[in-house]
Amino acid sequence: MTPLLSQMPDAAERAALLADDPLWLILIKTVVILLIGPILTIFLIVWERKAVGRMQNRPGPNRVGPGGYLQSLADAIKLPFKEQIIPDTADRKVYFLAPVISAVPALIALAAIPFGPVVSIFGERTVLQLVDLPVGVLVILACSSIGVYGLVLAGWSSGSPYPLLGGLRSAAQVISYEIAMGLSIVGVILYSGSMSTSAIVDSQQTGWYFYLLLPSFVIYLISMVGETNRAPFDLPEAESELVGGFHTEYSSMKFAMFFLAEYVNMVIVSAFATTLFLGGWKFPFVGADHALNQGWLPLIWFAAKLFILLFGFIWLRGTLPRLRYDQFMRLGWKVLVPVNLVWIVVIVTVRAIKNSGGLSTPQILFGGGALILFVVILSFLIPDKKVPDDDYVPVTGGGFPVPPLDLQVPEKTPRQKAIAKAEARAAKRKPAAVSSGREAGDGDV
């Protein structure tokens with residue numbers, strides 16, 4: 001058991017191992033992390049098309065490669081060689097910079113994600129993580145939110161109304177759901193006592209946070225779908241309203257970079273959810289010193305959790321219709337944010353009571369259940385809002401679409417009155433008819 005326990009380092013030893021990584025090992029980790037996003041994007045596109053096709057009783061891609069699985073690779077090769085169409089009204093510098101701003105932060109956010117424990121790579125003992133920062137959670141949040149600048153600038157620089165509206169929607173959407181996502185992570189930080197991603201994984205040895213902090217987990221899942229502009233929250237690129245949204249005027253490789261950023265952001269938020277709520281790379285129901293949590297095996301468990309969450313994105317797209325924009329914003333500001341704030345207060349109260357040693361866990365649970373029961377009973381005792389009778393008609397026109405009873409309907413509309421006045425003025429200006437001097441009925445002599 002001693003050699004197994006020696007592979008589970010504490011924070012100081014993990015930091016020492018990462019600091020001792022030679023340059024060639026750092027370069028290998030960097031290249032692998034940069035390639036994870038594009039490789040998974042190629043796989044996810046064809047997986048999504050086949051899965052949604054199966055849901056809709058059709059085959060999906062089935063021409064390029066075995067079973068059609070090379071279709072995304074063919075598209076990735078084709079896009080850089082397509083013609084670039086740039087609008088005349090575009091701000092060219094910002095127009096070219098926007099896709100880069102959108103894609104680059106998405107590629108580097110995985111650097112702070114712990115993919116596994118201590119392993120040996122070509123004889124060098126290291127951790128399956130590029131950097132372990134004390135504020136790793138904030139770094140990942142920052143990288144996932146900086147990409148919205150690319151969407152906003154793309155919509156503005158295109159010089160077209162539909163992309164501009166899509167960019168404004170992206171800004172409002174990310175602001176709304178970034179707040180809900182950040183608040184959902186507060187509970188994890190309070191329980192783990194750290195903002196380091198590796199420390200959060202280590203703190204879940206006694207229990208995963210997806211059931212210990214279930215409201216935070218549910219709110220995070222909803223927020224990550226809204227954060228990545230995925231269906232049913234894909235309002236910035238709603239083709240039924242905005243043609244294509246912020247990337248309507250983009251083509252060729254620049255369009256491919258926006259596509260890449262969307263799918264890489266899906267991978268980032270899913271990997272982040274795995275780290276925060278699903279135990280990271282740990283296998284369920286076994287201790288940290290178990291053989292299943294040693295060596296390269298945890299990388300498989302991490303990938304399995306990641307693909308389960310990614311399939312959730314595909315499942316939502318194939319089943320739920322797109323929300324209206326007002327419904328979407330109402331969900332973020334009037335439901336997710338208030339519930340998050342109340343949940344944080346509950347967590348802080350429970351932690352304070354447990355740390356003071358005043359009450360035990362069963363007592364806290366009993367007291368919380370009694371409080372919830374009291375609130376439910378109180379909600380039933382509050383009298384319902386009085387509904388007016390069906391025969392009642394408001395005199396002042398308060399009920400739409402019933403007009404008020406004292407409504408005076410004019411005989412002529414303002415336009416009809418204006419036309420009548422114009423005709424009267426034209427009749428006055430018309431010259432009088434001049435007689436020819438010959439009366440009707442006069443005959444020749």
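A. Examining the overall build of the protein more closely. Within the protein one finds 16 helices and two strands. The buried share of the protein, reckoned over its 445 residues, is 40%. Once local pairs closer than 6 in sequence are excluded, the contacts in the protein between residues at least 24 apart make up 77%. When the accessible surface of the protein is summed, it comes to about 25400 Å², and 68% of that surface belongs to carbon and sulfur atoms.

B. Up close: the pattern of salt bridges. Summed over all chains, the structure comprises twelve salt bridges. When the shortest N-O distance is used, the salt bridge between Arg 14 and Asp 202 registers 2.5 Å. Of this pair, Arg 14 sits in helix α2 (residues 11–19) while Asp 202 sits in helix α8 (residues 197–202), placing them 188 residues apart in sequence. Residue Arg 14 is classed as buried on the basis of its relative accessible area, which comes to 6%. What emerges from the salt-bridge pattern is a single network uniting Arg 14, Asp 132, Asp 202 and Lys 282.

C. A look at the environment of Tyr 149. In this structure, Tyr 149 sits in helix α6 (residues 136–157). Between the alpha carbons of Tyr 149 and Gly 167 there is a distance of 8.9 Å; along the sequence they are 18 residues apart.

D. Just the nonpolar core, in detail. Ranked by size, the top nonpolar core spans 64 residues in total, and within it Leu 110, Ile 113, Ile 185, Tyr 220, Met 224, Phe 272 and Leu 276 carry the most contacts. In terms of residues, this core owes the most to one element, helix α12 (residues 252–277), which gives twelve residues. In this structure, Tyr 220 is in contact with Met 181, Ser 184, Ile 185, Val 269, Phe 272, Ala 273, Leu 276 and Phe 277, ignoring residues within four places of it in sequence. Among the nonpolar cores identified, the runner-up in size contains eight residues, and Ala 90, Ala 154, Phe 246 and Tyr 250 belong to it.

E. Region of interest: the packing of aromatic side chains. Considering all chains together, one arrives at 25 aromatic pairs under this definition. Plain terms: the ring middles of Tyr 177 and Phe 328 are 4.5 Å apart, the flat faces sit at 10° to each other, and that makes the pair stacked. Note that Tyr 177 is positioned in helix α7 (residues 161–192) and Phe 328 in helix α14 (residues 325–356), a separation of 151 residues in sequence. We note that Tyr 177, like Phe 328, is buried. Ring centres of Tyr 250 and Phe 258 lie 5.0 Å apart, and the angle between their planes is 80°; on these two criteria the pair is classed as edge-to-face. Put simply, the rings of Trp 208, Phe 210, Tyr 211, Phe 217, Tyr 220, Phe 272 and Phe 277 pair up and form one aromatic cluster. Over the face of the ring belonging to Tyr 69 we find Lys 50, whose NZ or CZ atom lies 5.0 Å from the ring centre. Here the guanidinium or amino end of Lys 282 rests over the ring plane of Trp 281, the centre of that ring lying 4.3 Å away.

F. Structural context of a positive patch on the surface. On the surface, Lys 412, Lys 417, Lys 421, Arg 425 and Arg 429 cluster together into a positively charged patch. Looking at the element boundaries, Lys 421 is found in helix α16 (residues 414–429).

G. Layout of the pairing of strand β1 (residues 118–121). Bridge analysis of β1 against strand β2 (residues 124–127) gives four bridges, and the strand direction is antiparallel. Bridge pairing links Val 119 to Thr 126 in β2. Between β1 and β2, which follow one another and run antiparallel, lie two residues, and Phe 122 among them has a positive phi close to 55°.

H. How the structure looks around the side chain of Thr 228. As for its placement among the helices and strands, Thr 228 is situated in the loop between α10 (214–227) and α11 (239–242). Among the polar contacts listed, one links the side chain of Thr 228 to the backbone oxygen of Met 224, at a separation of 2.9 Å. Contacts of Thr 228, omitting those with residues within four sequence positions, involve Glu 262, Asn 265, Met 266, Val 269 and Phe 313.

I. The environment of Trp 333, seen in detail. As for its position among the elements, Trp 333 is in helix α14. By relative accessible area, Trp 333 is classed as partly exposed at 40%. Taking the C-alpha atoms as reference, Trp 333 lies 8.3 Å from Ala 180; in sequence the two are 153 residues apart. The residues contacting Trp 333, other than those within four sequence positions of it, are Ile 175, Ser 176, Ile 179 and Pro 338. Among the polar contacts made by the side chain of Trp 333, one reaches the side chain of Ser 176 at a distance of 2.8 Å.

J. Quick peek at the confidence of the model for the protein. Model confidence for the protein is summarised by a mean pLDDT of 83, while 87% of its residues fall at 70 or above. Across the protein, the element-wise mean pLDDT spans from 39 in helix α1 (residues 2–5) up to 93 in helix α13 (residues 297–319). Ignoring residues within four places in sequence, the model shows residues 1–8, a span with pLDDT below 50, making 15 contacts including any to other chains.

K. Structural view of the packing of helix α3 (residues 23–55) against α13. The contact between α3 and α13 brings their axes to 10 Å, and the two run at 45°. Classified by the interaxial angle, the pair formed by α3 and α13 is oblique. Helix-helix and strand crossings are classified by hand; for α3 and α13 the assignment is right-handed. Here α3 contributes Leu 40, Phe 43, Leu 44, Trp 47, Glu 48, Ala 51, Val 52 and Met 55 to the contact with α13, which in turn contributes Leu 306, Phe 307, Leu 310, Phe 311, Ile 314, Trp 315, Arg 317 and Gly 318. Partitioning the contact of α3 with α13 into residue classes produces 13 nonpolar, one polar and two charged.

L. Summary view of unusual backbone geometry. Of note in the backbone geometry, Asn 229 takes a positive phi value of approximately 60° without being a glycine. Here Asn 229 lies in the loop between α10 and α11. Relative accessible area serves as the criterion here: at 6%, Asn 229 is assigned to the buried category. Positive phi, normally seen in glycine, also occurs at Ser 252, with a value near 60°. With respect to the element layout, Ser 252 can be found in helix α12.

What counts as what
- Residues numbered from 1 in each chain as written.
- Predicted model: local features only at pLDDT ≥ 70, side-chain atom pairs only at ≥ 80, totals over all residues.
- Heavy atoms only, no water.
- Helix = DSSP H or I, 4+ residues; strand = E, 2+ residues; numbered from the N terminus.
- Buried < 20%, exposed > 50% of the residue type's maximum accessible area, 1.4 Å probe, protein only.
- Contact = heavy atoms within 4.5 Å.
- Areas by Shrake-Rupley, 256 points an atom, 1.4 Å probe, with all protein chains shown as cover.
- Salt bridge = Lys/Arg side-chain N within 4 Å of Asp/Glu carboxyl O.
- Core = buried A, V, L, I, M, F, W, Y, C linked by side-chain atoms within 4.5 Å.
- Phe/Tyr/Trp six-rings, centres within 6.5 Å; stacked < 30°, edge-to-face > 60°.
- Lys NZ or Arg CZ within 6 Å of the ring centre and 35° of its normal.
- Patch = residues over 30% accessible without salt bridge, like charges linked within 9 Å, V, L, I, M, F, W, Y side chains within 5 Å.
- Lys, Arg positive; Asp, Glu negative; His and termini not counted.
- Charge placed at Lys NZ, Arg CZ, Asp CG, Glu CD.
- Pairing = 2+ DSSP bridges.
- Polar contact = N/O pair within 3.5 Å; in protein donor to acceptor, adjacent residues only side chain to side chain.
- pLDDT = per-residue confidence, 0-100.
- Axes fitted to C-alpha atoms, helices over the stretch in contact; angles between N-to-C directions.
- Parallel < 35°, antiparallel > 145°, perpendicular 65-115°, else oblique.
- Left-handed = near helix turned anticlockwise from the far one by under 90°.
- Nonpolar A, V, L, I, M, F, W, Y, C, P; charged D, E, K, R; others polar.

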